[in-house]
Amino acid sequence: MKKIVKLFIMAMMMISVVACSGGNNLSEEVKNTDNPVSSVINVYTRDASSGTREAFEKAIGLEEGSLTDKASEVSSNGDMATKVGLDVNGIGYASMTTQFEANGVKPLKFEGVEASIETVLDGSYKMQRPFNYVTRAAHDYISTDMEELVSAFIAYITESVEGLSVIEGAGGIVDYTNAKPWEDIAVNYPVLNQDNSGLTIRTGGSTSVEKCIKAALEAFKPLAGNVNFAMNQTGSGDGPKRTIGEEKDGANAVEIGFASRDFKDSEGVDGSNAAYGSFCKDAVVAIVNVNNPIENISADSLKAIYNGTLTSFEDIK
């Protein structure tokens, strides 16, 4: 009887081992896994309207239409970090404002240069892009108070020492050269001195700017009569559409649209009727799971990974 029980236990252990080793879908791995990185690369990319994707593909020289059909598309900057953080064999790209450690990912050096404020400003880190804004056209607001509040907020994030400091604290890369104290700027906007708690500034567009703009709006609120704000970031392509384009008068309308790239000619952002510009710079960084041993990657290697000709981490040079 004891012999039969022993044989049964051994058989069950063998079944358990086979069952556990039967699947090799590394997309289901979790953070801090003890499993080693395999040779297979799982590629993650953003949707076609993403400014982050445009900046990334331009930096690595990926031709239009050459993206591997094995790439998994993710919906936002945060979704990218989450997916790669859960995949020991994953590779993707994200804004430098991303909370890398919290998501179980690490940023890679690009062409031997680490992304930082200094390397972006001095130009040595090449994979960078602007964070841009566009507002509704002049007089195309629910009230003159709202129009003045939006103008004041843009001045806050582009001209004031305090606003630039908030943007920098949230990961944006700013230039203080022409910055002024907020108190010197605020006097130009009398609307700031009244109760604005019944008004809401709505923002949309790029998901990469979300961390910076949320921090700026929260800091601006008590300076602007407790004006409210509502953020609905859905991608750079939606920024112009929802402020000056076909969605500006619909349910998705916003007062300020953002893009993590240059505006396209087709988007109609030319300064003839609406305010637009840049409020900071950002770096796009290639990211891998924190357990991946690689630290640096070249543009050629990224291009080969994303067009499908390089499929193994072992072949990265």
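Residues numbered from 1 in each chain as written. Predicted model: local features only at pLDDT ≥ 70, side-chain atom pairs only at ≥ 80, totals over all residues. Heavy atoms only, no water.

**Brief notes about the overall build of the chain**
Rules: Only DSSP runs of H or I covering at least 4 residues are called helices, and only runs of E covering at least 2 are called strands; the numbering of each starts at the N terminus. Exposed residues in this analysis have more than 50% of their type's maximum accessible area, buried residues have under 20%, and partly exposed residues fall in between, with area computed by a 1.4 Å probe over protein chains only. Computed with a 1.4 Å probe, the accessible areas rest on the Shrake-Rupley method; for each residue, only the protein chains presented here act as cover.
Counting secondary structure elements, the chain contains 10 helices and 11 strands. Across the 317 residues of the chain, 48% fall into the buried class. Carbon and sulfur atoms provide 51% of the accessible area of the chain, an area that totals close to 15,500 Å².

**Brief notes about the layout of surface pockets**
The test is simple: Cavities and pockets were defined on a 1 Å grid built from protein atoms only: a cavity is a group of points that admits a 1.4 Å probe but offers it no way out, a pocket is an open group of points flanked by protein on both sides within 12 Å along at least five of seven lines, and a lining residue is one with an atom within 4 Å of any such point. Grid points are joined across faces, edges and corners, and a volume is the space filled by probe spheres set on the points. Polar here means any residue other than Ala, Val, Leu, Ile, Met, Phe, Trp, Tyr, Cys and Pro, which are nonpolar, and Asp, Glu, Lys and Arg, which are charged; Gly is therefore polar.
Of the pockets and cavities examined, the largest pocket occupies roughly 270 Å³. Along its surface, the largest pocket is lined by 13 residues, and Asn77, Gly78, Thr97, Thr98 and Lys211 are the ones closest to its centre. Elements represented by at least two residues in the lining of the largest pocket include exactly α3 (77-85) and α8 (210-220). Of the residues belonging to the lining of the largest pocket, the class tally is one nonpolar, nine polar and three charged.

**As for the side chain of Asp79**
Which entries qualify depends on this criterion: Each polar contact in these results corresponds to two N or O atoms within 3.5 Å; when the atoms are within protein, one needs to be able to donate a hydrogen and the other to accept it, and residues that are neighboring in sequence are counted only if both atoms are side-chain atoms.
Counting through the fold element by element, Asp79 comes out in helix α3. Within the structure, the side chain of Asp79 is placed 2.6 Å from the side chain of Lys83, a separation counted as a polar contact.

**Focus: the nonpolar core**
The following threshold applies: Only buried residues count toward a nonpolar core, which is a set of Ala, Val, Leu, Ile, Met, Phe, Trp, Tyr and Cys residues joined through side-chain atoms within 4.5 Å. For this analysis, residues touch if any pair of their heavy atoms sits within 4.5 Å.
Ile91, Leu302, Ile305 and Tyr306 are the most contacted members of the largest nonpolar core, which totals 40 residues. Broken down by secondary-structure element, the contributors of at least two residues to this core are β1 (42-46), α2 (51-60), α3, β3 (90-95), β10 (274-289) and α10 (299-306). Take this core: its biggest share by element is six residues, from β10. Once residues within four sequence positions are removed from consideration, Leu302 is found in contact with Phe56, Ile60, Ile91, Phe110, Ala286 and Ile297.

**Focus on the packing of aromatic side chains**
Counted only if it meets this: Ring pairs are drawn from Phe, Tyr and Trp, using the six-membered ring of Trp, whenever the two centres fall within 6.5 Å, and their geometry is named by plane angle: stacked under 30 degrees, edge-to-face over 60, tilted for the rest.
In the structure shown here, the tally under the stated rule is 10 aromatic pairs. Ring centres of Phe153 and Phe220 lie 5.2 Å apart, and the angle between their planes is 65°; on these two criteria the pair is classed as edge-to-face. Of this pair, Phe153 sits in helix α5 (residues 144-159) while Phe220 sits in helix α8, and the two are 67 residues apart along the sequence. Each member of the pair, Phe153 as well as Phe220, is classed as buried. With a centroid separation of 5.2 Å and 80° between ring planes, the pair formed by Tyr156 and Trp182 is classed as edge-to-face. With Tyr156 in helix α5 and Trp182 in helix α7 (residues 182-186), the pair connects residues that are 26 residues apart, well separated along the chain.

**Notes on the environment of Ile294**
Within the element layout of this structure, Ile294 appears in the loop between β10 and β11 (296-297). Between the C-alpha atoms of Ile294 and Pro107, which are 187 residues apart in sequence, the distance is 10.0 Å. Discounting residues that sit within four places of it in the chain, Ile294 has contacts with Lys106, Leu108, Val288, Phe313 and Ile316.

**Considerations on unusual backbone geometry**
One non-glycine residue, Glu111, adopts positive backbone phi at about 55°. Checked against the element boundaries, Glu111 lands in the loop between β5 (109-110) and α4 (117-121). For Asn226, which is not glycine, the phi dihedral falls at a positive 60°. Of note, Asn226 is situated in the loop between α8 and β8 (228-233).

**Here's the deal with the pattern of salt bridges**
Put simply, the rule reads: The salt bridge criterion pairs a side-chain nitrogen of Lys or Arg with a carboxyl oxygen of Asp or Glu, the two atoms within 4 Å.
Throughout the structure, instances matching the rule amount to 16 salt bridges. Between Glu73 and Arg53 there is a salt bridge, with the nearest N and O atoms lying 4.0 Å from each other. Here Arg53 lies in helix α2 and Glu73 lies in strand β2 (residues 72-74), a separation of 20 residues in the sequence. Through salt bridges that share partners, Glu54, Arg261, Lys264 and Glu267 make up one connected network.

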